Amino acid sequence: MRATDLLAQIETIGREPTTNGYRRFSWTAADAELRRWFASQAASRALSLEVDRNGNLWAYRGEPAPGEVVAVGSHLDSVRDGGQFDGPLGIASAFAALDLMKARGVNPQRPLAVVGFVEEEGARFGVACLGSRMAAGLIESEKAAELSDGEGVTWAEAMVGAGLDADSIGSDQPRLEQLHCFVELHIEQGRALDPAGAAVGVGTEIWPHGRWRFVFEGEANHAGTTAMDDRHDPMPVLAETILQVTQDARRIGARATFGRLLVEPNGINSIPSLVTGWLDARAPNQDLLDEVARSLHSQPGITVTVQSSSPAVHFDPALRGRVKDLLPSLPQIPTAAGHDAGIFAGAGIPTTMLFVRNRSGISHSPKEHADPADIEAGVEALARVITHLAGT
Ligand code: HGY
Ligand code: MN
Ligand code: MN
């Protein structure tokens, strides 16, 4: 089946009618529908479905054996009002690539697995790539279980609410030790391929990036009867912080985003008692990222905690070389977007990424788009990479 047809099957799941964006948050009804879709795609291809201890989905072709499984996949969850391709394109393309290989009579020697990671965006529970981090043992189980969605529901409670067992979340080394390699196809985020006239590219590296949660405390009071000199208002300090940190990031060629703020009590005529915010920062190297973090920490009156951090990732040179030999015309491009592939690469699993052209470069937006022809080119490239890596 074509990837575009597979994506069409899930196109309405989790789409918000008022924005046309997607709200596919972990362990919600939309997520459950997507997981059922994944399971039905696995079943219709006679793949054996396993839900791992962290809720990640694995659809196997053939018997896994140590160091032998060629895994391909991505994630199903979205940011709030995200696009339809970020994540699901990689999973739909993986199923479509297996179909293409079968239609060509390819008989892979190695076992394969299509993977769907949970909570890659961290849009509900705050930590990016949570499913792959847990599998790789990069976050303590207790810390993961207690992550809250901001409405008093923890990861463990939400997981149990979705019908899964949350008692054994954590490192899944035996499963990861079965992997020969991991390949993630993803829509491009940013504009490198279109200027290069390429429909598909190969990932070279992921910029270091992180998320910091911070608070400014104030004193609730009346907006009208409190003189300006008598106020303890966190908002002006917040405004100065956002301006300072974004200017510092721009100056050094890094990227700083303040996309989420919580104001308490959040009333038009009340001086806030507390402001909670999150900084998402990315940079070409760790030193520059640290400089952005220092700029945030240096703001007067701020209290900062690290929400998640992802060191720079350089994808496996040998694997990338094999992909380059196989697909020499594909540009090799870095990305400043985090991916489960980055987590697996950091955990020592040979990993490579393929990117499908996004002509506008826009992502994390309902405007995100990949042309059907480019999607098919991505499936073709993925099928050839899997065929090569799995041996025939
Ligand atoms: O935020 C990111 O870089 C990715 O989309 N999770
Ligand atoms: Mn994303
Ligand atoms: Mn993604």
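Our subject is the structure listed above.
A brief look at the structure comes next.

What counts as what
Residues numbered from 1 in each chain as written. Chains lettered and ligands numbered in written order. Predicted model: local features only at pLDDT ≥ 70, side-chain atom pairs only at ≥ 80, totals over all residues. Heavy atoms only, no water. Axes fitted to C-alpha atoms, helices over the stretch in contact; angles between N-to-C directions. Helix = DSSP H or I, 4+ residues; strand = E, 2+ residues; numbered from the N terminus. Parallel < 35°, antiparallel > 145°, perpendicular 65-115°, else oblique. Left-handed = near helix turned anticlockwise from the far one by under 90°. Contact = heavy atoms within 4.5 Å. Nonpolar A, V, L, I, M, F, W, Y, C, P; charged D, E, K, R; others polar. Buried < 20%, exposed > 50% of the residue type's maximum accessible area, 1.4 Å probe, protein only. Lys, Arg positive; Asp, Glu negative; His and termini not counted. Salt bridge = Lys/Arg side-chain N within 4 Å of Asp/Glu carboxyl O. Polar contact = N/O pair within 3.5 Å; in protein donor to acceptor, adjacent residues only side chain to side chain. Near = heavy atom within 4 Å. Areas by Shrake-Rupley, 256 points an atom, 1.4 Å probe, with all protein chains shown as cover. Donors = N, O, S within 2.8 Å, 3.2 Å for Na, K, Ca; no water.

Considerations on the packing of helix α10 (residues 317–326) against helix α12 (residues 372–390)
If you want to describe how two helices pack, look at the angle between their axes and the distance between the axes.
Turning to step 1, where the next piece is worked out: Contact geometry of α10 with α12 gives a least axis separation of 10 Å together with a crossing angle of 120 degrees. Taken together, the axis directions place α10 and α12 in an arrangement best described as oblique. Crossing angle aside, the handedness with which α10 passes α12 is right-handed. Judged by residue contacts, Leu-319, Arg-322, Val-323 and Leu-326 of α10 engage Arg-384, Val-385, His-388 and Leu-389 from α12.
Turning to step 2, where the next piece is worked out: Tallied by class, the residues present in the contact of α10 with α12 amount to five nonpolar, one polar and two charged.

Describing the side chain of Glu-368
Turning to step 1, where the next piece is worked out: Here Glu-368 lies in the loop between β15 (351–356) and α12.
Turning to step 2, where the next piece is worked out: For the buried Glu-368, which has no salt bridge, the nearest side chain bearing the opposite charge is Arg-24, at an N-O separation of 7.9 Å.
Turning to step 3, where the next piece is worked out: At a separation of 3.4 Å, a polar atom in the side chain of Glu-368 contacts the main-chain amide nitrogen of Gln-84.
Turning to step 4, where the next piece is worked out: Sequence-distant contacts of Glu-368, that is, excluding residues within four places in its chain, are made with Gly-83, Gln-84, Phe-85, Asp-86, Ile-187, Asn-358, Ile-362 and Ser-363.

Examining the site of ligand 1
Turning to step 1, where the next piece is worked out: Every residue close to ligand 1 is listed here: Glu-120, Glu-121, Arg-282, Ala-337, Gly-338 and His-364.
Turning to step 2, where the next piece is worked out: The side chain of Glu-121 places a nitrogen or oxygen atom 3.0 Å from a nitrogen atom of ligand 1.
Turning to step 3, where the next piece is worked out: In this structure, His-364 approaches ligand 1 through a side-chain N or O atom, which is 3.0 Å from an oxygen atom.
Turning to step 4, where the next piece is worked out: Out of a free accessible area of 210 Å², ligand 1 has 94% covered by protein chains.
Turning to step 5, where the next piece is worked out: Of the residues belonging to the shell around ligand 1, the class tally is one nonpolar, two polar and three charged.

Side note on the coordination of the manganese ion (ligand 3)
Turning to step 1, where the next piece is worked out: For the manganese ion (ligand 3), the protein coordination sphere consists of His-75 (NE2), Asp-86 (OD) and His-186 (NE2), at 2.1 to 2.2 Å.
Turning to step 2, where the next piece is worked out: Between the manganese ion (ligand 3) and the manganese ion (ligand 2), the interatomic distance is 3.5 Å, and Asp-86 donates to each metal, bridging them. Separated by eleven residues along the polypeptide, His-75 in strand β3 (residues 69–75) and Asp-86 in the loop between β3 and α3 (88–103) bring together distant segments of the chain. Accessibility assignment for this pair places His-75 and Asp-86 in one class, buried.

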